[in-house]
Amino acid sequence: MPEGLAKEVKREEIEALLDKYKRQPSQLISILHDIQAKYNWLPKEALVQISEGMDIPLSRAYSVASFYKAFKITPRGRHLVRICLGTACHVRGGVRIMEKAEEVLGVDGGETTPDMKFTLERVNCLGCCALGPVMVVDGEYHGKIVPTKVEEILKNYD
Amino acid sequence: MPKLNSPAELEELRQDILSRREPNKPCIAICAGTGCRALGCDRVIATFKEEVRKQGLVGKVDIKETGCPGFCEKGTVVVIYPQGICYFQVKPEDAAEVVSQTIVAHKVVDHLLYIDPITNEKAAYEKDIPFYKNQMRLLLGNNSKLDPRSIDDYIALGGYSALAKALSQMTSEQVLEEVDKAKLRGRGGGGFPAGRKWKTTRNAPGEIKYVIVNCDEGDPGAFMDRAIMEGNPHSVLEGLIIGAYAIGSCEGFIYVREEYPLAVENLNIAIKQAEDYGFLGENILGSDFNFTVSIYRGAGAFVSGESSALMTAIEGKVGEPRSKYIHTSEKGIWDRPSNLNNVETWANVPPIINNGADWFTSIGTEGSKGTKIFSLVGKVNNTGLVEVPMGMTLRDIIYKIGGGIPEGKKFKAVQTGGPSGGVIPEQFLDTLVDYDELIKLGSMMGSGGMIVMDEDTCMVDIARYFIDFLNDESCGKCAPCREGLKQMLKILNRITQGEGKEGDIELLEELSRIVADSSLCALGGTAPNSVLTTIKYFRDEYEAHIKEKRCPAKVCRSLLSYYIDPEKCQACLICLRNCPVGAINGGKNLIHYIDQEKCTRCGTCMEVCPSRFNAVEKIAGQAVPEPPLQEARVIHRGKS
Amino acid sequence: MKEVTLNIDGKETKAKEGMTILEAAKEIGVRIPTLCYHEGLSPYGACRICSVEIFRDKRSRVVASCTYPVEEGLVVKTDTERIIDIRKMIIELLLARCPNVKVIQDLALEYGVKETRFELENENCILCGLCVRACEEIAGVGAISLVNRGTRREVATPYYEPSTACIGCGSCAYVCPTGAIRMEDKGDTRIVQGSNWKTEFKLKKCEVCGNYWAPEAQLEYIREKANLPPDFFDVCPNCK
């Protein structure tokens, strides 16, 4: 199985999540968060199973998944690189950080590297505005970074 | 922990907690907010714990991981209690010195103190530090004194006394009246009177009513709610429970944006603790009031922070706005009366109940009461969160508290209100911060983002940035916003890329008018503000871009060139090696020059050129000088 | 049901509480253009072409007449300069997106929008959402929905694959104002398709006349919902 491509979707695991949220359709977004945390993306079988379990059309689950930036309906890389492009970070040169990351990884924002190692994402504000520009890799925050630091930081991940 | 069944039991508990705490016991309060985490506070905390152990002080000194004290520019912030000594930019290697000098020897560690950039004077206490002393930190003041994961800390500081007072000494109508009398206006952006919204919800037909905390805080550059939610979640819970009592609601929702994982974590802990202590659940503090709350997470959509969209998201559907002709306070979630307020609004409720409406209205201006937290960011020296009474001037906030513009640059504009707001130029710096005053200037208070811009900021690029953001975040439902912003972005892109044409400004103004007038929700409705204010106050920049193909601030890449000054270049090869497209010609002892045909204007050469040489400059609006002749480029070094 | 009195373009009229301005206007013959409205479906308020100006006290406001409820004393004007400007710009924007769609061309003609200043695309769908609402409210299966966000928004089946929920009833094609969704019966097959998706259905053959008359999936759906015997639809309505 290619690295970065998540584990196989187990029906029992999805059922357990459905039980956790009492199969309530209002908890659709919450359950999608949990599924993505488990599998690193939202596999189709998972969406099909929760639609059936919550008795909602698959189209609704798909609409919700495709509407929100945080949800990935295509497989995600092992490491998530998020670059803040909020106003404060923009004014401090956030665009250059994004460009550097795109250059180093060889992908555009929103894409995953072919070896499934990194997914690069633009975020519209992480709330660390005093420390802009900010880059977060796998939940680890790097503040006040400069373009030359980007490659240095990303080298540490395998 | 047995449930508290009466206000008296709460008071007993409070006294018990206080009695078991020595007021003079040293406490090292280290900021553990997301901002300081980005600066590595985890290692600072770990090292302090290690040092306390090493120096044999375990049990004699407390280490508290606290909420954000606001001075993010100088993180990691450490405050030593009981003295209140503030240390800034603390690194792990400083821990040993702080413990041995300040904790043990009661001496101040000089190099960690605040230094005034002009007078060079040092200050150790909040009351002497300009950033803090000019603020009125009613909501944020407790952040450095408590561990957000400790409900006992909150209770020790007086927490939940307002709830006890409301439930035992006031009727629900009286609570509502008090908040109404206080003239509390929504802190999320709209500034709508909270009391009026509460009344509408309370009086709307229907047994089941909901109260909602909007912690979506989507405005880029704003992080006030994050600091409150991460740093003092109980303050919001307490306000929400009091509000639910006033409105007649038994169920609440807290919607937190997905990008704030620490806030979600701390809130989950706070809710569990509140349930254990009996502040949530049935018969709260022995009254017949029941209330439960659950957390909903966002998933990366700015538009879902709009109140009707948020409620639709809570229903489990795509979080796009609905028609708002029937207020959500009458028909909200599942068509039931739903009262939504921002985090900061809810956090203001306990102080209002404890101190009274008259106290609250004594602060601020005629139309805007109380304090407001702003995230002061961008080109300003002291970036961070500032809490000031309404009515302070923009100038005082930016200069007295913010310490002015770094690197001696000139102030150009301050942007308030997030993407829905506008830019305010220098001539209006003495405007009082007030909901209505800011609207008069074409901007708005918004949620509190205050982004300072200097002479190196291109105002056309700023307008383009905001329209790009809104275009990306638009839900796409209504035609004016979806198609209108798309076309506005195309025009702004052309202008910043040197392809602006006559008539572009007028077309932008026309589109702005239509999008603002006919969009379904406030995203489209306020989207044009950044464009309209930048055109109004900085039309000359637009015209320079369009007519002269020149960017006065030297930001728009297509309109500038990079040039290596042959007088300053020392042929160190650094820029040559770093240029991503190999556009630099040169060699050892051979002065470098940039091949303008190959150059992509990424700016790397300027970034890497050693500051002692400073040989790279930006040229805008004029031709780039030809590189010197080959012979003139050779640097002769060494023995002549 | 309480009645309210309101004034539309100078004409005073009574309307039942709960009606929208658009419905009240229709009753007295005042025509307001619409694109995303259909009287058989819930109103959506997305195209904003039905915008009108309402006046109360000394203030005026632009609202979508298809969703704004009537109120006592409301004064409505459906064709002020402000409103005409809005309609013309929306038409101009949609004309850029869908230059070959007849219903937009017709509106452009009506409002004197001769050309569009914006770059032309070539979409057929105006994102009115009528198809999605028809599928949800009439067919009740939710086979298609609006996916993605902002300028990437489009109508699609989940994963753009042939829908397993679709019953081939064609309600979406019936309500589509632009022909972006098409339905075609070819021999024993019915094809329902949009720009990015396509679903095919086997049609049921009548045991008597041998004609193919309705999708098997649709008949099966109705049969199950109404609890009808398994052979109920074996004979087409003409031969019954």
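Source: prediction; values computed, not measured.

**Concerning the confidence of the model for chain A**
Across chain A, the average pLDDT comes to 88, with 96% of residues at 70 or higher. Note that pLDDT drops below 50 for residues 1–5 of chain A; the model gives that stretch ten contacts with residues more than four away or on any other chain.

**Let's talk about the sheet that holds strand β1 (residues 27–31) of chain B**
Residues and elements named next belong to chain B. An order of β2-β1-β3-β4 is seen for the four strands of this open sheet, with the pairing classed as mixed. Whereas interior strands pair on both sides, the edge strands pair on one side only; in this sheet they are β2 (62–66) and β4 (85–87). Going across the sheet, the axis of each strand differs from the next one's by a mean of 20 degrees, ignoring polarity. In this sheet, β2 lies alongside β1 in parallel orientation, the contact comprising five bridges. Residue pairing across strands places Ile 28 opposite Ile 63, the latter belonging to β2.

**Description of the sheet that holds strand β1 (residues 79–84) of chain A**
All names here are of chain A. A sheet is described by the order of its strands in space; here four strands give the open sequence β2-β1-β3-β4, paired in mixed fashion. Looking at strand neighbours, the two that pair on one side only are β2 (118–123) and β4 (140–142), the edges of this open sheet. Adjacent strand axes in the sheet meet at a mean angle of 20 degrees, parallel and antiparallel pairs treated alike. Contacting β1, β2, β3 (135–137) and β4, helix α7 (residues 147–154) crosses the sheet at an angle of about 5 degrees to β3.

**A closer look at the domain arrangement of chain B**
When the domains of chain B are assigned, the result is domain 1 (24–138), domain 2 (159–361), domain 3 (371–454), domain 4 (459–547) and domain 5 (557–633). Once you take the C-alpha centre of each, domain 1 of chain B and domain 5 of chain B turn out to be 44 Å apart.

**What about the domain arrangement of chain A?**
If you check the domain split of chain A, you get domain 1 (11–67) and domain 2 (79–155). One C-alpha centre belongs to domain 1 of chain A, the other to domain 2 of chain A, and the line joining them spans 29 Å.

**A look at helix α4 (residues 130–139) of chain C**
All names here are of chain C. Taking burial as the measure, the ten residues of α4 include seven buried ones, the bulk of the element. Buried within α4 are the following residues: Leu 130, Cys 131, Val 132, Arg 133, Ala 134, Cys 135 and Ala 139. Buried residues in α4 make contact with β6 (145–147), β7 (154–156), α5 (171–175) and α6 (216–225). Following α4 by one or two positions, Gly 140 has its phi on the positive side, about 75 degrees.

**Here we look at the state of the cysteines**
All names here are of chain B. The full count for this structure, using the stated rule, is zero disulfides over all chains. Cys 478 takes part in no disulfide bond, and the closest cysteine sulfur to it belongs to Cys 481, at a distance of 5.1 Å. The class of Cys 478 is buried, set by a relative accessible area of 7%. Judged by its relative accessible area of 5%, Cys 481 falls in the buried class.

**Examining empty space enclosed by the protein**
Scanning the model with the defined rule gives seven cavities of 30 Å³ or more in all. The space that makes up the largest cavity amounts to roughly 170 Å³. For the largest cavity, the lining is made up of 21 residues, of which Arg 257, Glu 259, Gly 300, Ala 301 and Glu 473 of chain B are closest to its centre. Of all the secondary-structure elements, those providing two or more residues to the lining of the largest cavity are β2 of chain A together with α19 (459–473) of chain B. If one sorts the elements of the lining of the largest cavity by residue count, β2 of chain A sits on top with three residues. Residue composition of the lining of the largest cavity, grouped by class: seven nonpolar, five polar and nine charged.

**Observations concerning the side chain of Ser 235 of chain B**
Residue and element names in this part refer to chain B. Tracing the chain through its elements places Ser 235 in helix α11 (residues 233–247). What makes Ser 235 buried here is its relative accessible area of 9%. Beyond its immediate stretch of four places on either side in the chain, Ser 235 contacts Tyr 154, Ile 228, Trp 346, Ala 347 and Pro 350.

**A word on the packing of helix α10 (residues 224–231) of chain B against α11 of chain B**
All names here are of chain B. Remark: α10 packs on α11, axes separated minimally by 5 Å, with the N-to-C direction vectors making an angle of 95 degrees. Here α10 is positioned roughly perpendicular relative to α11, judged by the angle of their axes. Taken together, the residues of α11 that come into contact with α10 (itself represented by Ile 228, Met 229, Glu 230 and Gly 231) are Pro 233, Ser 235 and Val 236. Residue composition of the contact of α10 with α11, by class: four nonpolar, two polar and one charged.

**With respect to the interface of chain A and chain B**
Listed as interface residues are 44 residues of chain A and, on the opposing side, 60 residues of chain B. Roughly 4,000 Å² is buried in total at the junction of chain A and chain B, and carbon and sulfur atoms are behind 55% of that figure. Across the chain A-chain B interface, the total number found is seven salt bridges. A salt bridge links Asp 472 of chain B to Lys 69 of chain A; the nearest nitrogen and oxygen atoms lie 2.4 Å apart. At the junction of chain A and chain B, the tally comes to 20 residue pairs in polar contact (both at pLDDT 80 or more). Contributions of two or more residues to the side of chain A that touches chain B are made by α2 (28–39), α4 (58–67), α5 (87–91), α6 (94–105), β2, β4 and α7 of chain A.

**Re the pattern of salt bridges**
Residues and elements named next belong to chain B. With the rule as written, the count across this model stands at 75 salt bridges over all chains. A salt bridge links Lys 372 to Glu 344, with the nearest nitrogen and oxygen atoms 2.7 Å apart. On the criterion of sequence distance, the pair formed by Lys 372 in strand β11 (residues 371–378) and Glu 344 in helix α14 (residues 343–347) is long-range, its members being 28 residues apart. The same class applies to Lys 372 as to Glu 344, namely buried.

**Remarks on the packing of aromatic side chains**
In this structure the tally under the stated criterion is 25 aromatic pairs over all chains. Arranged with centres 6.3 Å apart and planes meeting at 25 degrees, the rings of Tyr 277 of chain B and Phe 279 of chain B form a pair that is stacked. Accessibility classification places Tyr 277 of chain B together with Phe 279 of chain B in one group, the buried group. One Lys or Arg, Lys 44 of chain A, reaches over the ring of Tyr 159 of chain C and ends 5.4 Å from the middle of that ring. The ring of Tyr 260 of chain B has Arg 257 of chain B lying over it, and the distance from NZ or CZ to the ring centre is 5.4 Å.

Cut-off values and rules
Residues numbered from 1 in each chain as written. Chains lettered and ligands numbered in written order. Predicted model: local features only at pLDDT ≥ 70, side-chain atom pairs only at ≥ 80, totals over all residues. Heavy atoms only, no water. pLDDT = per-residue confidence, 0-100. Contact = heavy atoms within 4.5 Å. Pairing = 2+ DSSP bridges. Helix = DSSP H or I, 4+ residues; strand = E, 2+ residues; numbered from the N terminus. Axes fitted to C-alpha atoms, helices over the stretch in contact; angles between N-to-C directions. Domains from an automatic or database assignment. Buried < 20%, exposed > 50% of the residue type's maximum accessible area, 1.4 Å probe, protein only. Disulfide = S-S within 2.5 Å. 1 Å grid on protein atoms, 1.4 Å probe; cavity = no way out; pocket = protein on both sides within 12 Å on 5 of 7 lines; lining within 4 Å. Points joined across faces, edges and corners; volume = space filled by probe spheres on them. Nonpolar A, V, L, I, M, F, W, Y, C, P; charged D, E, K, R; others polar. Parallel < 35°, antiparallel > 145°, perpendicular 65-115°, else oblique. Buried area = accessible area lost by both parts, 1.4 Å probe. Salt bridge = Lys/Arg side-chain N within 4 Å of Asp/Glu carboxyl O. Polar contact = N/O pair within 3.5 Å; in protein donor to acceptor, adjacent residues only side chain to side chain. Phe/Tyr/Trp six-rings, centres within 6.5 Å; stacked < 30°, edge-to-face > 60°. Lys NZ or Arg CZ within 6 Å of the ring centre and 35° of its normal.

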